[in-house]
Every structure is written in C-alpha cells, then in structure tokens.
Amino acid sequence: MPVTALLAGATLCASLTGCAANGVHTHARLPTGRVAVAAAAANAVTVSPLPGTPDASTRTQISLLGPKGTTVISVHVVGSKSGLHEGRIEPYSTGAGASFLPIHRFLPGETVGAYAKVKVSGREEDVGTSFEVARAAVAPTVGFPHRPGNPREVLHFASAPSITPSAVKVITPAQHGAAEGDFLLAPYQGTGSPGPMIVDRSGRLIWFHPLPRGWSASNLQAIGWQGKPALVWWQGRILKLGFGQGEDVICDSSYRQIARIRAGNGYFADLHEIRITPEGTAWIDAFDPIHMNLSKFHGVASGVLTDSVVQEIDVRTGLVMWEWHALGHIPLSSSRNPNPHSSYPWDYAHVNSVDPGTNGDVLLSARNTWTLYDVDLHSGGFRWQLGDGAHSSLKLGRGVRFYWQHDAEWQPGGLISLFDNGSTPPKEKRSSGLLLRPEYGAHRVTLVKRLVNPSRTLLAASQGNVQRLAGGDWLLGYGELPDFTELDSAGHVLFDARLGRNVQDFRTYQAPWHATPAQPPAFTIAGGALHVSWNGATDVASWRLLEGESASSLTTVATAASTGFETTLRLPQTLRATSYVEVQAVNAAGEVIGASPPKRG
C-alpha cells in the first residue's frame, strides 16, 4: 500500500528546505547545489538525483544508495509546486539501500526537496537532496539516413533465410601469438540485417540475432551472469541526433533471454554503454533533450539542450540506484560542438563511455568536450579532469592529446585506455588507441602506448573502442568504419578484418564463446541436397542425416563434416518423399548434442 513516509523530527527539513509545520513547502529556503553537496558529503548514503541537479525527470524516483546493509526507514518528499508526495519504498536486491517511488509525477520547473532517515551499520542518519525538474523536450525520432552497401557482401543461407548479416572479410589471417577467442560484433547500416553477431577467427558466422525493421544493436559482449557465461547487448532505434532509444538484453549460453535492462526515471537506455557488475547491477547512459535558454551560449532563448545522464540500475528490480547529469557538472562553455543557433537540440557533452572504478568513482568520456572525467560517486563532482582545455586537472604529456574520443576504460595499474577518433572535423590523420598513465602527484598524464594499424590509414569519424586482450595484445574497433584490428604489444598486426561497405559497428569485442542453442537445428531440402544449420552452436564437428518409414525407425543414411554455419549433405538416391528425416549435430567426441524434430522429406 502506498504510504507517505514522513521524516521523524523536523531539524533536517527545517534546515535544508524550510518546510512549514503544516507540510507546505516554501521555495525561498531551498539550498544551492553547493550547500546541498556539502550536506550530503557528511553522510554515508548517496541520494539521487544528486544535490543541485538542474534537470531531473518529472518521473524520477529518489534513490538512496549506501553500503551493503543500508536500510531506508522513512522518506519525505516535497515539490515547490506539487506539494507533498506519497509513494512507496522498494529495497535494492543488493541490500545497499532503496528507492522511494512517488505515486504522482513532479511538475516541470519546480524545485524538489527529498529527505530520509536511513540506518547504516546500526546507526540512524538523516540524508537529503534538493534538485530542479526539467522542462522536457521531445526528441525528433528521425533516424540516420541509410547508407547502402554491397549486396554481394551479405550472407545468405538456404536453411536460415531470415539470417542475412554482413559478411566479414579477413584481410590479415590470425598470426602466431594471436589471442584465442571469437569476435563479437553488432553491424548496422550498409546492406544486410542489423543485429548482434559472433564470428570466428576465420570470419565465419557463428551466431546472428536479426532485429525488427528500424532497430539496431550495439555493444555485444560476453559476460558472467550469476556465475554462468552470458551475452549482453543494446538494441533499439538510433536517432539522427546521435543517440539511441532502446534497452539492454542479457541472454544465456543457449541464447535464451534472462534479463532485460531499461533506463529508469522515464528515460530510454542509450546505445553507448552497458556494463554489468558482479553485484548484479548495470551501468548505462541515456540522452535527455530539455528546453533551455541558450542565448548566453550563442544559441536561441527557446533552445533545446541534450543532456547526458548516467545511471546504475539494479537489474533484478529495475530500480535506479544512482544517477548523474552532465548539466549539473560540465559547463556549457566546455563544449567543442557548435551550438546550432536554432531549436535543434544541442548535444553539448555527449557522454559515450562509463567505467566504474574501485575507489568510489566512475570514469566518464565526453566526446564533445574532448575530456575524460573521474566522478566521485558520492558528491557527483570531479576528482580530476583530463583533456585539451583550460579545465584539465592534469597536464598533458607529449602525444597525449585526443579529439572526439570514445571508450575510456580503467586498465591494470591505474592506466587508462581510450579510442582517439581524431576526426569530425579531422584533427589527426588516423584514429588510434591510447594507453595513458595518470600521475596525480605530479599533476600530469603521460603516453604509455599509441596503437594504430600500420598497414592502413583508418580515420573513424565516430564510434570505436580499444580492448585489452590476454597476453598483452590489443583489439581496435573502428566504429563508423567497418574495420577491426588485433595488435600485439609491439604494435604488429596479428589479425585484420572488415565488414561490408558502409557497415558500422559501434564497438568490437573478442572473447572465447561456447554455446548450445535452445532451439533445434534447422534444415531444408532443395536441388537433391540437404542444407542444415544451427544458429549459435559452437561445438558441431559433423552432421548425420537419418531416414526411416516412421519417426521411431530412423537410421543414418549420410554424414558430413561441418563446414561452418551451414553444411550441405548429398541426399541418397534411395530417399523417398514419404520418408521421415532427421538431422543430428555431433561433437568432436562423437556425441549427439542436438537434433531436429523428425519430419517428412
């Protein structure tokens, strides 16, 4: 039953909000962001929206995140226009706090105070936050113009006609010393179906998941989920504005969906980031267009600004555990992206990667400010900034400058990797991967390694990533370009390949992958041959064809070694149209690991 959880004692309410005894909120005494941050810093529990957030959603929940064992006793929420809010308290599955879910939405433009009593390590504490509610703008839902590719670079299979992804062309075959593992891609644009895809080191298709018309995918990764191997990816619509509106999906090693991750507080999950933690939470991002007066920033008074939002989601409950807005922390003057001088949304920051650290922080990359930010999870402020600008906390050493970058990640030893696009407009001759060493005591950052494809000049205008592989190797995914390259620690090419013309793949990953699909093998008979495939199977060594007068009296009549995604078996001349046929997948040990349902030939 919904409850109004009132904070016992009026001290916190009076000091931070000016609540009157009758519960009516007075706007004049609400704290500034700086005062609220100082008040929050004294507590072990982080309250989101963070103090001073200027553009929270009308549908926001109040998130109270603390150490494991944190419980929320009561919550009191008052809007300057909407008044006192009733709602319910729902705990996180991690045991690290709870969210207060208001029954009614907040009102655009109002200021909200939220105050709670929590218990942490057996002690009760009073915590609170104050934030403003955005005037939301409607994002134009127009997608990117389609860039057609080459139809001859699209895969087709007789036994799986719905599977038509881009082919992968291997330019440099895997060299001695290359890391073991398959390539995880999510092609879109070009010619061929979009969707998450896995190919082996020969470029042969292992698995493809076709998406509905108008949808795309990104960020296909192999992860661990509840102690077992799994896959995660984003899927949805990619808008011309440069961000996505969709959701993230987790499936098991049989390709069965086991979790769906949506952004909270009324947002859509964006394509740029999905990171799953061992605790069962997900770090995601979202883009939020809002109405804003931009006349002081070479824009129009009736402008629209696209803010970048970062959330940590409790996957099991869907609750928002933590939320951060770029607009509350990154100055508009930091943007390298020109204001459009119209009501077209201005994407001033464009946060495109999120990587939680191990010390109560999270590393963010903002493409449109050419800057990396180390964000303190408790206050939301910056521990340091790193970029080519006046606000950089660390002096850039030789070769460290980067432009329009993507995929900033923590690496062992406190190093940082990133993909330096260097383009749009071009600032460099080729895109590269950078490995950086921050030296906090000396207030500088030095270049450890620059990774480039030495045999081809590749300049990616957008997207891209760097992945550290076992043994010191590196994988570069070129995003807007259909290329991906594996390099050893000395920069020598160990593998090089590309998708079809004009195909894009936001990030490319490599990982060992073993799977047995829940769906049975599929086959079709045409032209005196049987064509069989098993989408996603990794351990098929050969195929058997069985035939009989009934489904219970089948015997083997033909075998063939697996030749990749689809294998063709010649039909024996004795096979009759009235016979029942079945195909069986056999592994290297001679064991049957899958079979199609028997059906008439």
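Our subject is the structure that appears above.
These numbers come from a predicted model, not from an experiment.

A. Structural context of the sheet that holds strand β36 (residues 529-533). Spatial ordering of the open sheet is given by β35-β36-β39, a layout of 3 strands whose pairing is antiparallel. Pairing within the sheet leaves two strands with one partner each, and these edge strands are β35 (522-526) and β39 (566-570). Adjacent strand axes in the sheet meet at a mean angle of 20° when their direction is disregarded. Summarising the sheet, β36 and β39 pair through 5 bridges and their orientation is antiparallel. Within the sheet, the bridge partner assigned to S533 lies in β39 and is E566.

B. Representation of the nonpolar core in the model. Ranked by size, the top nonpolar core spans 29 residues in total, and within it L305, V310, W322, W324, I330 and Y348 carry the most contacts. Elements supplying a minimum of two residues to this core: β18 (281-292), β19 (303-314), β20 (320-325), β21 (351-356), β22 (361-366) and β23 (371-376). Every residue in contact with W324, bar those within four places of it in the chain, is listed here: L50, S308, V309, V310, H329, I330, V351, L364, V375, G380 and F382. Of all hydrophobic cores here, the second largest spans 24 residues; its members include A230, Y267, I274 and A282.

C. Region of interest: the packing of aromatic side chains. Enumeration over the complete set of coordinates arrives at 18 aromatic pairs. Where W324 meets F382, the ring centres are 6.4 Å apart and the plane angle is 55°; that geometry is what we call tilted. Residue W324 is located in strand β20, and its partner F382 is located in strand β24 (residues 382-387); the two are separated by 58 residues in the primary sequence. Taking 5.4 Å as the distance between ring centres and 80° as the angle between the ring planes, the aromatic pair formed by W370 and W404 counts as edge-to-face. Note that W370 is positioned in the loop between β22 and β23 and W404 in the loop between β25 (395-396) and β26 (406-411), a separation of 34 residues in sequence. Given the relative accessible area of 7%, W370 is considered buried.

D. Examining the environment of Y348 more closely. Counting through the fold element by element, Y348 comes out in the loop between β20 and β21. Y348 gets classed as buried once you look at its relative accessible area, which sits at 0%. Between the alpha carbons of Y348 and I330 there is a distance of 9.3 Å; along the sequence they are 18 residues apart. Here L327 takes part through its backbone nitrogen, which lies 3.4 Å from a polar atom of the side chain of Y348.

E. Geometry of the sheet that holds strand β34 (residues 509-511). One open sheet holds the 4 strands; their spatial order is β12-β11-β10-β34, and the pairing between them is antiparallel. Bordering the open sheet on either side are β12 (205-208) and β34, each of which pairs with just one other strand. The sheet shows a mean angle of 25° between the axes of neighbouring strands, direction not considered. Bridge count for strand β10 (residues 182-185) against β34 is 3 bridges, and the pairing is antiparallel. Note on β34: the bridge partner recorded for F183 is Q510.

Analysis parameters
Numbering of residues starts from 1 in every chain and runs along the sequence as written. Selection of residues for local features in this predicted model requires a pLDDT of at least 70, selection of side-chain atom pairs for listing and counting requires 80 or more, and totals for whole chains, interfaces and linings are taken over all residues. The side-chain numbers reported here are obtained from all heavy atoms of the structure, hydrogens and water having been left aside. Only strands joined by at least two bridges in the DSSP assignment are considered to pair. The secondary structure listing takes helices from DSSP runs of H or I that are at least 4 residues long and strands from runs of E that are at least 2 residues long, numbered from the N terminus. Only the stretch in contact is used when fitting a helix axis, every axis being a line fitted to C-alpha atoms; angles between N-to-C directions are given from 0 to 180 degrees. Grouping buried Ala, Val, Leu, Ile, Met, Phe, Trp, Tyr and Cys residues that are joined through side-chain atoms within 4.5 Å yields what is termed a nonpolar core. Only protein chains enter the area calculation, which uses a 1.4 Å probe; residues under 20% of their type maximum are buried, those over 50% are exposed, and those in between are partly exposed. Whether two residues are in contact is decided by their heavy atoms, any of which lying within 4.5 Å being enough. Aromatic pairing here means that ring centres of Phe, Tyr or Trp (its six-membered ring) are within 6.5 Å. Orientation follows from the plane angle: under 30 degrees is stacked, over 60 is edge-to-face, and everything else is tilted. Definition of a polar contact: a pair of N or O atoms within 3.5 Å, with one able to donate and the other able to accept a hydrogen when the atoms are protein atoms, and with sequence-neighbouring residues admitted only if both atoms are side-chain atoms.

Function cannot be read off these values alone, since they describe shape.
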